[in-house]
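Per-entry structural report
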Amino acid sequence: MAQSEFNLDHEISWFVLPSYWAKIIVGLISCMCFANSYDGDFVFDDSEAIINNKDLRAETPLGDLWHHDFWGGKLSSNTSHKSYRPLTVLTFRLNYLFAGGFHPVGFHVINIILHCAISVLMVDVFSILLGGLQYSSKGRRLNLAPKASLLAASLFAVHPVHTECVAGIVGRADLLCALFFLLSFLGYCKAFRENKEENHFSILWVLASVLLGAIAMLCKEQGITVLGLNAIFDALVINKLNILELIQKVLHKDKSLENVGLFKKGLLFRITLLLSGGATMLCMRWRIMGTGPPAFTEVDNPASFADSLFVRAINYNYYYSLNAWLLLCPWWLCFDWSMGCIPLIKSVSDWRIIALAALWFCLIALICQALCSQDSQKRRILTLGLGFLIIPFLPASNLFFRVGFVVAERVIYLPSIGYCMLLTYGFSLLSKQAKKKKMLAAAVLGILLINVLRCVNRSNQWRSEEQLFRSALSVCPLNAKVHYNVGKNLADKGNQTAAIKYYREAVRLNPKYVHAMNNLGNILKERNELQEAEGLLSLAVQIQPDFAAAWMNLGIVQNSLRRFEEAEQSYWTAIKHRKKYPDCYYNLGRLYADLNRHIDALNAWRNATVLKPEHSLAWNNMIILLDNTGNLAQAEAVGREALELIPNDHSLMFSLANVLGKSQKYKESEALFLKAIKANPNAASYHGNLAVLYHRWGNLDLAKKHYEVSLKLDPAAPGTKENYSLLKRKLEQLQKKGNV
């Protein structure tokens, strides 16, 4: 069995703790870093992946999860991002089921627990990677680097770059993937627990490792890379291969090649199992998702759309250097790095070339040491460290396929294992040379403390969209999406004036940002600045002709400008691009009602309710139109149908109560009015119309009471003053008659 040649712990001035205490400490500090995110909101991508994802709801068959992408769309759709993570979506569904709805606390708590569990597992993983793999005579694995593994696991547990995965609920995919990734690696190590003979290993554990790798891949795509790392670990640790020596012998066709160890201890057989497992996973995935590429746009990943191969290559490498910098100095963190946040490098005169040159200088230096060092332990640690740093990152590297982001902090959750391993090894080398080892240890403790504080601060920013979006303004001021999201958050809170400022800046930074144009146009429409709103929305549909929401909003503006034919054409264009668009049918119905095309209006609103049975406004407008045109029986039937579908909607109760009152069904009308008032006691019109009902019914005292309540709530209520005056005169007349 492979052993480490000397113990790294001899060179590290650090704590020596029993394994269980080390795991407790790592678990506690990992929890401490992110605990304040437990009561955060659903933020950013959580809305699409969770709140708007129908796959979380009980009415969606479980089998649909295996045919849908991460966002709940069909994998076969041309607009799908092809992110196939059914097991992650299943955990969201379980969260939703047990919480009884969309309550974010349960989602956040699970994420925190997962990170703690992963951090605890890292103690075992690092003890193997740094100290080697050796079992006692009783089959118990020995921790040959307790100090080094504790330090590396602590660095991993408190790394601020992990905040997005832990505090952002969508990061569950990365956490679950990492959990099964590590379990696959540890399972592969267990295959050699009973290795008393050179060629003996457990095929069951190797197969279990492949299965766990498949589960990791079903949580997130990166999971499959564990199979490659298991193969490298097998070659370096189990078979003690010297890669440089092997390459030289292959090139020189050396007859002693078989003595190198490639054909010993079943290495080729195990690698064949790993390759077969990986190929099977990829074939199954391609069969499910199809062979079509994911649908991304230039703003998602501008470098991948560059015409020049040089520009693509140079920018991809610059992105790699930015990821490396986030590992080294995780101070400037941002929820989104797209849309101009990182301008393209288009020439070698760009000073940012220095960053990618520095990256490759460091990588080449490490690779040379990993291959050429005479120290077998250094070769092993550096090769494994580089393997864990690079291989899990490959699916996000743009090398094999285009990805939908520029930089994403979540994708370096797994690569940070390699970084922490290399950093710990570097610390051990420094400790070996340093005279003041305690001072060096104090510096490392200081780094850990700074990282803890940064994690606490960053996870607090992830608790709400307002804090998250505003935190990005200083990091990525050129990112149009950051300004768009700040504006959207302000608009949702009713601060339209401030929202306009950020939407305008988003459009300035990205003149083709159609979503910002659409939202800005909406606000201007509500502020009756119709000409500018029309210009923005017209530009949006010109840039993106299939933008259904912009077509609908353009129709609303044109309707307000009394350009009815153009409005109708815009509505139908929106419906053409989005067949199931209930809000557009609703607005089309309003247009037809304004044009006195009552049948067309009713048909449009009926279409809206068919597509969205809970569309209260469409139901209400149907009842009111039928009421106003004297079709009381039909209005009553529609009202009852609506209340069966939306039984607690007070506006529907009010509209149906009006119809019943006109049909002289006073008792039933009174009951609905009172129920509506109970649900919304401050609606002046509810009290006013109930007073009219009592007035007709002859209950004058109750009529007087509700007229007075209505006028108190709205002194300028139309018609109520006149009706109240009529009632008072009638009461005075009755009083005079009584006195006579």
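Rules used throughout
Residues numbered from 1 in each chain as written. Predicted model: local features only at pLDDT ≥ 70, side-chain atom pairs only at ≥ 80, totals over all residues. Heavy atoms only, no water. Helix = DSSP H or I, 4+ residues; strand = E, 2+ residues; numbered from the N terminus. Areas by Shrake-Rupley, 256 points an atom, 1.4 Å probe, with all protein chains shown as cover. Lys, Arg positive; Asp, Glu negative; His and termini not counted. Charge placed at Lys NZ, Arg CZ, Asp CG, Glu CD. Domains from an automatic or database assignment. Contact = heavy atoms within 4.5 Å. Buried area = accessible area lost by both parts, 1.4 Å probe. Salt bridge = Lys/Arg side-chain N within 4 Å of Asp/Glu carboxyl O. Polar contact = N/O pair within 3.5 Å; in protein donor to acceptor, adjacent residues only side chain to side chain. Expected span 1.5 Å × (residues − 1). Buried < 20%, exposed > 50% of the residue type's maximum accessible area, 1.4 Å probe, protein only. Core = buried A, V, L, I, M, F, W, Y, C linked by side-chain atoms within 4.5 Å. Phe/Tyr/Trp six-rings, centres within 6.5 Å; stacked < 30°, edge-to-face > 60°. Lys NZ or Arg CZ within 6 Å of the ring centre and 35° of its normal. UniProt positions renumbered as here; feature names shortened; annotations may be inferred. Patch = residues over 30% accessible without salt bridge, like charges linked within 9 Å, V, L, I, M, F, W, Y side chains within 5 Å. Axes fitted to C-alpha atoms, helices over the stretch in contact; angles between N-to-C directions. Parallel < 35°, antiparallel > 145°, perpendicular 65-115°, else oblique. Left-handed = near helix turned anticlockwise from the far one by under 90°. Nonpolar A, V, L, I, M, F, W, Y, C, P; charged D, E, K, R; others polar. Disulfide = S-S within 2.5 Å.

Here's the deal with the overall build of the chain
When its secondary structure is counted, the chain shows 32 helices and zero strands. With the C-alpha coordinates of the chain rotated into their principal frame, the extents come out at 125 × 55 × 50 Å. Split by element, the accessible area of the chain, about 34,600 Å² in all, is 60% carbon and sulfur. One finds the centroid of the 77 positive side-chain charges in the chain at a distance of 5 Å from the centroid of its 58 negative side-chain charges.

Looking at the domain arrangement of the chain
Its domain assignment divides the chain into domain 1 (19-289) and domain 2 (309-433). Taking only C-alpha atoms, the centre of domain 1 and the centre of domain 2 are 20 Å apart. Taken residue by residue, the interface counts 39 residues in domain 1 and 35 residues in domain 2. At the boundary of domain 1 with domain 2, total buried surface from both sides reaches about 3,400 Å², with 75% on carbon and sulfur atoms. One salt bridge connects Glu164 with Arg410, and the closest N-O pair in it is separated by 2.9 Å. Connecting domain 1 to domain 2 are seven residue pairs in polar contact (both at pLDDT 80 or more). Among the elements of the structure, helix H4 (104-131), helix H5 (146-157), helix H6 (163-167), helix H7 (172-190), helix H9 (226-238) and helix H10 (243-251) are those that each provide at least two residues to the side of domain 1 that touches domain 2. The element contributing the most residues to the side of domain 1 that touches domain 2 is H4, with eight residues.

Digging into H5
Relative to the 16 Å expected for twelve residues at 1.5 Å per residue, H5 spans 16 Å between its end C-alpha atoms, a close match to the ideal helical length. The element H5 is largely enclosed, with a buried count of eleven among its twelve residues. Of all the residues in H5, the buried ones are Lys147, Ala148, Ser149, Leu150, Leu151, Ala152, Ala153, Ser154, Leu155, Phe156 and Ala157. Buried-residue contacts for H5 involve helix H1 (19-34), H4, helix H15 (415-433) and helix H16 (437-461).

Side note on the nonpolar core
With 212 residues, the main nonpolar core has Phe126 and Phe185 as its most contacted residues. Composition of this core by domain shows at least three residues from each of domain 1 (19-289) and domain 2 (309-433). Every residue in contact with Phe185, bar those within four places of it in the chain, is listed here: Val125, Ile128, Leu129, Val226, Asn230, Phe233 and Phe388. Leu56, Phe70, Ile169 and Val170 belong to the second largest nonpolar core, which has twelve residues in total.

Points about the packing of aromatic side chains
According to the stated counting rule, one finds 25 aromatic pairs in the structure shown. Relative to Phe393, the ring of Tyr320 has its centre 5.8 Å away and its plane inclined at 90°; by these criteria the two rings are edge-to-face. Placement of Tyr320 in helix H12 (residues 309-328) and of Phe393 in the loop between helix H14 (376-390) and H15 is noted, with a sequence separation of 73 residues between them. Looking at Tyr320, the relative accessible area reads 17%, which means it is buried. A cation over a ring is seen here: Arg402 above Phe305, with NZ or CZ 3.8 Å from the ring centre. Note that Arg578 overlies the ring of Tyr581, its terminal NZ or CZ placed 4.0 Å from the centroid.

Structural notes on the UniProt feature "repeat: TPR" (unreviewed entry) in the chain
When the UniProt feature table is mapped onto this chain numbering, "repeat: TPR" (unreviewed entry) sits at residues 480-513, 514-547, 582-615 and 684-717. Overall, residues 582-615 shows 79% helix and 0% strand. The separation of its end C-alpha atoms is 8 Å. Along residues 684-717, the helical share is 82% and the strand share 0%, with 7 Å between the first and last C-alpha atoms.

Concerning a nonpolar patch on the surface
Together, Tyr38, Val105, Val109, Ile110 and Ile113 give the surface a local cluster of nonpolar side chains, amounting to about 390 Å² of exposed area. Looking at the element boundaries, Tyr38 is found in the loop between H1 and helix H2 (46-51). Exposure remark for Tyr38: the relative accessible area of 41% places this residue in the partly exposed category.

Concerning the packing of H7 against helix H8 (residues 203-219)
Where H7 meets H8, the closest approach of the two axes is 8 Å, and the angle between their N-to-C directions is 170°. Comparing the axis directions of H7 and H8 gives the class roughly antiparallel. Of the residues in H8, those in contact with Ala173, Leu176, Cys177, Phe180, Phe181, Leu183, Ser184, Gly187, Tyr188 and Lys190 of H7 are Trp205, Val206, Ser209, Leu212, Gly213, Ile215, Ala216 and Cys219.

Overview of the packing of helix H13 (residues 353-372) against H14
At their nearest, the axes of H13 and H14 sit 7 Å apart, and the two run at 140° to each other. Compared by their axis directions, H13 and H14 come out oblique. The two elements H13 and H14 meet at a crossing, and its hand is left-handed. Residue-level contacts link Leu363, Leu366, Ile367, Gln369, Ala370 and Leu371 of H13 to Lys378, Arg379, Leu382, Thr383, Leu386 and Ile390 of H14. By residue class, the composition of the contact of H13 with H14 is eight nonpolar, two polar and two charged.

A word on the state of the cysteines
Under the counting rule described, the total for this entry stands at one disulfide. Through a disulfide, Cys341 is tied to Cys476; the S-S separation comes to 1.9 Å. Residues Cys341 and Cys476 are joined through a disulfide that is left-handed, its torsion about the S-S bond being -45°. Of this pair, Cys341 sits in the loop between H12 and H13 while Cys476 sits in the loop between helix H17 (465-473) and helix H18 (480-492); the two residues are 135 residues apart in sequence, bridging distant segments of the chain. For Cys341, a relative accessible area of 12% translates into the label buried. Lacking any disulfide linkage, Cys177 is separated from the closest cysteine sulfur, that of Cys219, by 6.7 Å. Here Cys177 falls in the buried class, since its relative accessible area comes to 1%.

Looking at the pattern of salt bridges
Under the defined criterion, the tally for this structure stands at 27 salt bridges. Between Glu641 and Arg606 there is a salt bridge, with its nearest N and O atoms 3.1 Å apart. With Glu641 in helix H27 (residues 632-645) and Arg606 in helix H25 (residues 598-611), the pair connects residues that are 35 residues apart, well separated along the chain. Residue classification places Arg606 among the partly exposed residues on the basis of a relative accessible area of 27%. Linked through salt bridges whose partners overlap, the residues forming this network are Glu636, Arg640, Lys665 and Glu668.

Comments concerning helix H30 (residues 684-697)
Helix length check: H30 (14 residues) gives 20 Å between terminal C-alpha atoms against 20 Å at 1.5 Å per residue, within 8%. For H30, every residue scored as buried is listed here: Ala684, Tyr686, His687, Gly688, Leu690, Ala691, Leu693, Tyr694 and His695. Directly beyond the C-terminal end of H30, a positive phi value near 95° is found at Gly698.

Comments concerning the environment of Ala442
With respect to the helices and strands, the residue Ala442 is situated in helix H16. Using a relative accessible area of 45% as the deciding quantity, one classes Ala442 as partly exposed. Between the alpha carbons of Ala442 and Leu617 there is a distance of 65 Å; along the sequence they are 175 residues apart.

Quick look at the environment of Leu268
With respect to the helices and strands, the residue Leu268 is situated in helix H11 (residues 267-289). Judged by its relative accessible area of 38%, Leu268 falls in the partly exposed class. The sequence separation of Leu268 and Ala235 amounts to 33 residues, and the corresponding C-alpha distance is 9.6 Å.

Description of unusual backbone geometry
In this model, Asn398 sits at a positive phi of 70°, which is unusual for a non-glycine residue. Structurally, the position occupied by Asn398 is in the loop between H14 and H15.

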